[in-house]
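Residue-level structure breakdown
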Amino acid sequence: MPTPSQIEEQVQLERDQIAQGLKRLRDNTQQLEDKSYASATVYGISSIDALLPIVVDRIEETTHDRLKRGTGYQFQLIKDYVSRLEPLASAAISCKLTFDKVFSHKEGSNNLTNVCDSIGHAVEDECQMRHYEASAPGLLNVLKENYWHRSIGTQQKIVVIQTLMNRYNVEKWSAWGRANRVKLGAWLLDCIMETSGWFYKDTRQEGKRKVNYIMPTPEFMAIKDKVMRDSELFAPLSWPMLIEPNDWTNERAGGYLLNEVMRGNPMVRRGHDTCIQGEIPIAFLNKIQKVGYTLNSFTVNVAETLQERGVSVDKFIPIVEMPLPPKPVDIAENKEARKGYRRAAAEVMNTNANAFRRSCRTRMTMEAIRRFKNKVFYLPWSFDYRGRAYPIPAFLTPQDTDFGKACIRFANESTVTTEAEEWLSFQVATTYGLDKATMSERLGWTDDNIGLITKIALDPIDNLPEWEAAEEPFQFLAACDEYYHCVILQDRKTTGLPVATDATCSGLQILALLAKDKRTAQLVNVLPAERPQDAYKVVAEVAKWNCPAHIQKVMDRKTVKRTVMTVPYNAKPYSNRTYIRDALSEIGVEIDKDDLTITVKAVRDAMHRVVPGPMSVMKWIEDEVSKAISRGLTELEWVTPSGFVVHQRIMKKEVEILNLQLLGRCKLSVATEDSNEVDKLRHKAATAPNLIHSLDASLLHLSATRFDNPIALIHDSVLCRATDMSILSSLVRETYMNLAKQDYLTDFASQIGAESEPPIIGDLEPESVIESTYFFC
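Here is what the cut-offs are and how they apply
Residues numbered from 1 in each chain as written. Predicted model: local features only at pLDDT ≥ 70, side-chain atom pairs only at ≥ 80, totals over all residues. Heavy atoms only, no water. Helix = DSSP H or I, 4+ residues; strand = E, 2+ residues; numbered from the N terminus. Buried < 20%, exposed > 50% of the residue type's maximum accessible area, 1.4 Å probe, protein only. Contact = heavy atoms within 4.5 Å. Areas by Shrake-Rupley, 256 points an atom, 1.4 Å probe, with all protein chains shown as cover. Lys, Arg positive; Asp, Glu negative; His and termini not counted. Charge placed at Lys NZ, Arg CZ, Asp CG, Glu CD. 1 Å grid on protein atoms, 1.4 Å probe; cavity = no way out; pocket = protein on both sides within 12 Å on 5 of 7 lines; lining within 4 Å. Points joined across faces, edges and corners; volume = space filled by probe spheres on them. Pairing = 2+ DSSP bridges. Axes fitted to C-alpha atoms, helices over the stretch in contact; angles between N-to-C directions. Nonpolar A, V, L, I, M, F, W, Y, C, P; charged D, E, K, R; others polar. Patch = residues over 30% accessible without salt bridge, like charges linked within 9 Å, V, L, I, M, F, W, Y side chains within 5 Å. Salt bridge = Lys/Arg side-chain N within 4 Å of Asp/Glu carboxyl O. Disulfide = S-S within 2.5 Å. pLDDT = per-residue confidence, 0-100. Expected span 1.5 Å × (residues − 1). Core = buried A, V, L, I, M, F, W, Y, C linked by side-chain atoms within 4.5 Å.

Turning next to the overall build of the protein. Helix and strand counts for the protein stand at 31 helices and 17 strands. A total of 777 residues make up the protein; the buried ones form 52% of that total. Sequence-distant contacts, at least 24 apart, represent 73% of the contacts inside the protein between residues at least 6 apart. Counting only carbon and sulfur atoms, one obtains 50% of the accessible surface of the protein, whose full area is about 36100 Å². Averaging the coordinates of the 95 positive side-chain charges in the protein and doing the same for the 103 negative ones gives two points 7 Å apart.

What follows is the structure in structure tokens.
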């Protein structure tokens, strides 16, 4: 029970979260407006999203009207320039530039001529890039890969690409000229102003001349203020807590103490308000919230040293700012010196800007470390709508990056036993990269590398090359320190290091349970075996003989792994193509589209032969969901074995994907909310993955509520102290066995009103799971 002073300290922390969140929102808005990027602010994004559909309609109507008349300067303008881009692209560009210029803090930015010229210039830039894409697509792609992300700002990208295209003698772009750009921009701005009522022309007397400016109307300012007020309600930052979070119930929010912080954090994210969750899921959520954590001082000290020295390791990226080059003494008179300085300075600014962006997560993690040093802290958790648990804070959690995970320990440590020593050995080898090896091979690797572990534990900085190449470098570093002190030196009698075990191909494990398919269960380590089984390797071997001859030589588990892993989650042939092509490309093997089609088909056909139960279950689910929607169902709902209620509502959205060269891939909504039409295709694609996720979540709900020691979770992975891992592993296997004894697929069929019997093979003997060493490993 927390003391009054501890409660007051937590309340003050949450008030700081509110203040810091509001400050960040306002500072970000201010900075974006200062940089003329108001379109990226909260109010800019939401306003443009609502404005686009009506601007598109206006552009289409006006274009059709002017072309039909066939006379006047606007006819020529539309014929020569506007028709080069689709209306949605013109609308997106003009809306973005209007917000950027009107709300910029730069003097004169909202001058009418400047706004019109900027819109016209941006449209021309997009057309110019499309011209290069049509004239030299391969060269443009290479130039983008080599130069695009090193540039800061759209204009620099254009200049760089234009210069290099001219150097390679690509057909030169015929510039439109400022007068035409202003006319085009004025016409598009007029479309925005007439349809929205959000902007007006303000004429001011400046000296002897009248100057026109574009200003937001009072009506829009009221909209903007409301959007910002609403955003501020959800602005508080999410940090760990200094006391145990409030318990969740169906009637009362848990987690943080203050309502202002909890407002944006429901118990079930994207869930249905009317769903009443079962006792077990809520007990599970409250249980994992009571687990206390502390910082791992060893890992933190290493990180602080690396940050001080500006050394990057994996995703730990400290900010390293390069100084600007010195200005030449003759910069004012020497044109070449001035040009050279500007080029060199631009390179440094580009490098610094990219370094700042890449270091963002590291900087925020280090700030969280500073705040929670020498403290015990707790994590409030919530569910997604399928029942999977996620910590509400983004930093210092078990679901953080490799670096973030390595920074935390369980506050309640346990005595180091002989069994704990083995699990610490397991953790060392697994994080190094032996996650597919047998238990004996992993323990043997650790025994054979005592010298390496000792060097790293005693002097991690000077021995950085020895650990930074590990699969999970920071968790390997933390494991080396724990193993050295607990097992080698034995000056540490307790352990709080989180040790992790993962499900083997979780999707296939769950589908094997549903189909009661012994063959698949064997391949994904549900059943006992002397070595870890490898479904990926088996699929590759079966698929090999139906692949093109030059692919057969390189067809292995790595080539098919992502495809086999994602097919249970309804990955389609298109994404399979990408995964296989990328895997082959990594080993220097190119494949044309026809051979790729043959290879993808071979892998999918192999899965039907190797794991027939899961493939049949997925096909049955798709068919039955399609029938259910055709019968008139608008939503699907099912209850998992743990009592979690999954509510799946998927309505059609009128969304168009637009690939702009300069603004990138834009997902533009043409409706502000879901339509009233059920999206049958997405329901069919989503149900099998969501059922799998809901069942692997249910497995952990049931296991964790029976486990009486500190526990953490990462989707289908469990973490606990080394002393407790054997107990937890046994509980997980036992829970899976009990689930396998049930006929849940038939129960699910009843819940969705299926018209046919589910395809259950029925030869899986659940009792065998108890003996499987590699089920969670």
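Now that the structure is up, let's keep going.
Let us look at empty space enclosed by the protein. Within the structure shown, the criterion is met by 4 cavities of 30 Å³ or more. In terms of lining residues, the largest cavity is bounded by 14 residues, among which Lys405, Ile408, Gln475, Pro498 and Leu719 are the most central.

With that settled, consider the side chain of Gln475. Within the secondary structure, Gln475 is located in helix α20 (residues 473-488). Residue class for Gln475 comes out buried when judged on its relative accessible area of 11%. Each residue touching Gln475, except ones within four places of it in the same chain, is listed here: Asp402, Lys405, Ala406, Gln427 and Thr431.

Moving on, we get to the sheet that holds strand β17 (residues 717-720). In space, the 3 strands of this open sheet follow the order β11-β17-β16, with antiparallel pairing throughout. Every other strand in the sheet has two partners, leaving β11 (499-502) and β16 (712-714) as the edge strands with one partner each. Each adjacent strand pair in this sheet contributes to an overall mean axis angle of 25°, direction not counted. Relative to β17, β16 runs antiparallel, the two being bridged by 3 bridges.

Estimated volume of the second largest pocket: approximately 1400 Å³. Of all the secondary-structure elements, those providing two or more residues to the lining of the second largest pocket are α15 (402-406), α16 (418-432), β11, α21 (506-515), α23 (535-544), α25 (557-566) and β17. Its residues assigned to classes, the lining of the second largest pocket comprises 14 nonpolar, 13 polar and 16 charged.

Every second residue of strand β12 (residues 636-639) is oriented toward a common face, the buried set being Leu636 and Trp638 and the non-buried set Glu637 and Val639. Here β12 pairs with strand β13 (residues 645-648) via 4 bridges, running antiparallel. By the bridge assignment for β13, Val639 is matched with Val645. Two successive antiparallel strands, β12 and β13, enclose a turn made up of 5 residues, where Gly643 displays a positive phi of approximately 100°.

Turning our attention to a positive patch on the surface. Judged by side-chain charge, Arg167, Lys335, Lys339 and Arg343 come together as a positively charged surface patch. With 3 residues, the top contributor of residues to the positive patch is helix α13 (residues 335-358). Along the polypeptide, Arg167 turns up in helix α7 (residues 154-167). The class for Arg167 is exposed, based on a relative accessible area of 57%.

A separate point is the environment of Leu443. Topologically, Leu443 is positioned in helix α17 (residues 439-448). Taking C-alpha positions, Leu443 is 60 Å from Val170, a pair spaced 273 residues apart along the chain. Leave out the neighbours within four places in its chain, and Leu443 touches Glu422, Ser425 and Phe426.

Paired through their backbone hydrogen bonds, the strands of a sheet run either parallel or antiparallel. The strand order across the open sheet formed by 3 strands is β5-β4-β8, and the pairing between neighbours is antiparallel. Here the strands that pair on one side only, and so sit at the sheet edges, are β5 (377-378) and β8 (408-410). With 3 bridges connecting them, strand β4 (residues 292-295) and β8 associate as antiparallel partners. Residue Thr294 lies in a different strand from β8, and its bridge partner there is Arg409.

Even without glycine at this site, Asn374 takes up a positive phi of about 60°. Looking at where Asn374 falls in the secondary structure, it is placed in the loop between α14 (360-372) and β5. Phi at Leu396 is positive, roughly 60°, even though this residue is not glycine. Secondary-structure assignment places Leu396 in the loop between β7 (389-391) and α15. Accessibility expressed as a relative area gives 0% for Leu396, which makes it buried.

Per the stated rule, a full pass over the model turns up 0 disulfides. Looking at Cys360, it has no disulfide partner, and the nearest cysteine sulfur is the one in Cys407, 16 Å off. Classification of Cys360 by relative accessible area gives partly exposed; the value is 34%. We note that Cys486 lacks a disulfide partner, and the nearest cysteine sulfur, in Cys480, lies 13 Å from it.

We now examine the environment of Ile392. Checked against the element boundaries, Ile392 lands in the loop between β7 and α15. Ile392 sits in the buried class, given a relative accessible area of 10%. Between the alpha carbons of Ile392 and Phe103 there is a distance of 34 Å; along the sequence they are 289 residues apart. Each residue touching Ile392, except ones within four places of it in the same chain, is listed here: Ser238, Trp248, Tyr256, Asn265, Arg269, Pro380, Trp381 and Ser382.

With that settled, the discussion passes to the side chain of Asp696. Positionally, Asp696 belongs in helix α29 (residues 680-704). Judged by relative accessible area, which is 3%, Asp696 ranks as buried. Aside from chain neighbours lying at most four places away, what touches Asp696 is Arg388, Ser506 and Ile510.

All right, on to the confidence of the model for the protein then. In the predicted model, the protein carries a mean pLDDT of 87, and 93% of its residues have values of at least 70. Counted against residues more than four places away or in other chains, residues 669-673, with its pLDDT under 50, gives 8 contacts.

Between the first and last C-alpha of helix α1 (residues 4-34) there are 44 Å, a value that for 31 residues agrees with the 45 Å anticipated at 1.5 Å per step. Residues of α1 that are buried: Gln10, Val11, Leu13, Glu14, Gln17, Ile18, Gly21, Leu22, Leu25, Thr29 and Glu33. Ser36 occupies a position one or two residues after α1 and carries a positive phi of about 60°.

What follows is about the nonpolar core. Core analysis: the biggest nonpolar cluster contains 217 residues, and Trp467 and Leu514 have the highest contact counts within it. Residues in contact with Leu514, not counting those within four places in the same chain, are Val617, Leu691, Leu695, Tyr744, Leu745 and Ile760.

A separate point is helix α28 (residues 612-630). Taking 1.5 Å per residue, 19 residues should reach 27 Å; α28 reaches 27 Å between its end C-alpha atoms and fits that length. Downstream of α28 by one or two residues, Gly632 has phi in the positive range, about 120°.

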